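# Descriptive structure summary
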Amino acid sequence: GAGVSQSPRYKVAKRGQDVALRCDPISGHVSLFWYQQALGQGPEFLTYFQNEAQLDKSGLPSDRFFAERPEGSVSTLKIQRTQQEDSAVYLCASSLEGTLFNEQFFGPGTRLTVL
Amino acid sequence: DQQVKQNSPSLSVQEGRISILNCDYTNSMFDYFLWYKKYPAEGPTFLISISSIKDKNEDGRFTVFLNKSAKHLSLHIVPSQPGDSAVYFCAASALELVFGQGTRLTINP
């Protein structure tokens, strides 16, 4: 496909369960970003990859959050021992260049609900 | 602390009139500003951007104004069309993108 895709689109997890969220960026895009969007808020930065290197993970809220992009393409955001406050839409974005200032193309997001 | 603020959660405008969406920021290190548009169940879509060295950028019906001394930017849409109804986010960048809370724009026919 031409755009950023994310799966699953919706995920319901029981508190304490581990979840894995997948992002397929636009082919050839160097940079990949993860954001967390709580209800009624704007997206908040979580982490940033340039190819396979995770250059910034300062936005990850706790050590339960882990992201990887082992081959510089698909990325997975993993949340261990989910808590209710993790409920949010998780957005992935990619951009062509290796800088933070280029236009980012967003996927549709994964809506995570933790019961 | 909210570094980028959109103080109006919603705005309603008559079709054909001008829509003005406002955004304030606090971090003087921000040097690039963007507006994104978001429809329900979709990710944000890039609309228009402006560098801190400019005070205006225009693209068709969309114009972004930047007032650095006031740390304020605005998005003007003229004329407004029903398809412009969406949530609009402003975002600012120093290192990572920082988003505002969004403003829901409704264009009434």
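Since the model is a prediction, treat every value here as computed from it, not as a measurement. (Residues numbered from 1 in each chain as written. Chains lettered and ligands numbered in written order. Predicted model: local features only at pLDDT ≥ 70, side-chain atom pairs only at ≥ 80, totals over all residues. Heavy atoms only, no water.)

## Details of the packing of aromatic side chains
Convention followed: Whether two aromatic rings pair depends on their centres lying within 6.5 Å, for rings of Phe, Tyr and Trp, where Trp uses its six-membered ring; planes under 30 degrees apart make the pair stacked, over 60 edge-to-face, and the rest tilted. A run of H or I in DSSP becomes a helix once it reaches four residues, and a run of E becomes a strand once it reaches two; helices and strands are each numbered from the N terminus. Each residue's exposure class comes from its accessible area (1.4 Å probe, protein chains only) as a fraction of the maximum for that residue type: buried when under 20%, exposed when over 50%, partly exposed otherwise.
This model, assessed by the stated rule, comprises 14 aromatic pairs over all chains. Between A:Y35 and B:F99, the ring centres sit 5.5 Å apart and the planes meet at 90 degrees, which makes this aromatic pair edge-to-face. A residue pair is termed interchain when its members come from two chains, as with A:Y35 in strand β4 (residues 31–37) and B:F99 in strand β10 (residues 97–99). Each of the two residues, A:Y35 as well as B:F99, counts as buried. Relative to B:F33, the ring of B:Y25 has its centre 4.7 Å away and its plane inclined at 40 degrees; by these criteria the two rings are tilted. A relative accessible area of 1% means that B:F33 is categorised as buried. Site record: aromatic cluster; members linked through ring pairs are A:F33, A:Y35, A:F45, A:Y48, A:F106, B:Y36, B:F46, B:F89 and B:F99.

## Some remarks on the layout of surface pockets
For the record, the criterion: A cavity here means a set of points on a 1 Å grid, drawn over the protein atoms and nothing else, where a 1.4 Å probe fits but cannot get out; a pocket is an open set with protein on both sides within 12 Å along at least five of seven lines, and a residue lines either one if it has an atom within 4 Å of a point. Grid points are joined across faces, edges and corners, and a volume is the space filled by probe spheres set on the points. Classes in brief: Ala, Val, Leu, Ile, Met, Phe, Trp, Tyr, Cys and Pro nonpolar; Asp, Glu, Lys and Arg charged; the others, Gly included, polar.
Empty space within the largest pocket amounts to approximately 650 Å³. Lining of the largest pocket is provided by 34 residues; of these, A:Q37, A:L39, A:G40, A:R111 and B:K38 occupy positions nearest its centre. Listing elements by their share of the lining of the largest pocket, those giving two or more residues are β9 (88–95) and β11 (110–114) of chain A together with β9 (86–93) and β11 (103–108) of chain B. If one sorts the elements of the lining of the largest pocket by residue count, β11(A) sits on top with four residues. Among the residues forming the lining of the largest pocket, the class breakdown is 16 nonpolar, 13 polar and five charged. Reported here for the second largest pocket is a volume of approximately 320 Å³. As for the second largest pocket, its lining consists of 19 residues, and the residues nearest its centre are A:P43, A:E44, A:F45, B:E96 and B:V98. Looking at the lining of the second largest pocket, the elements with two or more residues in it are β5 (44–50) of chain A together with β10 of chain B.

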